[in-house]
Amino acid sequence: MSGQTDTTHDEAASLTAGHAAGYCWVQGPGARGRCTRRPGHDDDHVDYYNGRQSITDVEGYRWPQ
Ligand SMILES: [Zn+2]
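Residues numbered from 1 in each chain as written. Predicted model: local features only at pLDDT ≥ 70, side-chain atom pairs only at ≥ 80, totals over all residues. Heavy atoms only, no water.

(A) The coordination of the zinc ion, seen in detail. Those protein atoms acting as donors to the zinc ion are Cys 24 (SG), Cys 35 (SG), His 41 (NE2) and His 45 (ND1), and they sit at 1.9 to 2.4 Å. One way to put it: the 4 donor atoms around the zinc ion meet at angles of 102 to 117°, and that makes the site tetrahedral. Mapped onto the sequence, the residues coordinating the zinc ion show the spacing C-x10-C-x5-H-x3-H. On the criterion of sequence distance, the pair formed by Cys 24 in the loop between α1 (7-20) and β1 (45-46) and His 41 in the loop between α1 and β1 is long-range, its members being 17 residues apart. Since its relative accessible area comes to 8%, Cys 24 is described here as buried. For His 41, a relative accessible area of 5% puts it in the buried group. (Donors = N, O, S within 2.8 Å, 3.2 Å for Na, K, Ca; no water. Tetrahedral: all angles 85-135°; square planar, octahedral: opposite > 155°, others 65-115°. Helix = DSSP H or I, 4+ residues; strand = E, 2+ residues; numbered from the N terminus. Buried < 20%, exposed > 50% of the residue type's maximum accessible area, 1.4 Å probe, protein only.)

(B) Region of interest: the side chain of Arg 34. As for its position among the elements, Arg 34 is in the loop between α1 and β1. Overall, the relative accessible area of 14% leaves Arg 34 in the buried class. Side chain to side chain, Arg 34 and Glu 11 meet in a polar contact 2.7 Å long. With near-sequence residues (within four places) excluded, Arg 34 lies in contact with Glu 11, Ser 14, Trp 25, Val 26, Gln 27, Val 46, Asp 47 and Trp 63. (Polar contact = N/O pair within 3.5 Å; in protein donor to acceptor, adjacent residues only side chain to side chain. Contact = heavy atoms within 4.5 Å.)

This is the structure in structure tokens:
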């Protein structure tokens, strides 16, 4: 968390790390969250951790492929 400005490089590195963790990891619209479904999934991208309106919600942001 120290002044990273090379977002293009960071995005590529983050995608690689996300895939290694078993996530699709595509960034959502407006950089809100990342898809935490498995890589190569069907249907919409979903971030299960960010964008939830309440603690009882099972998913947060959702956006189309
Ligand atoms: Zn996805």
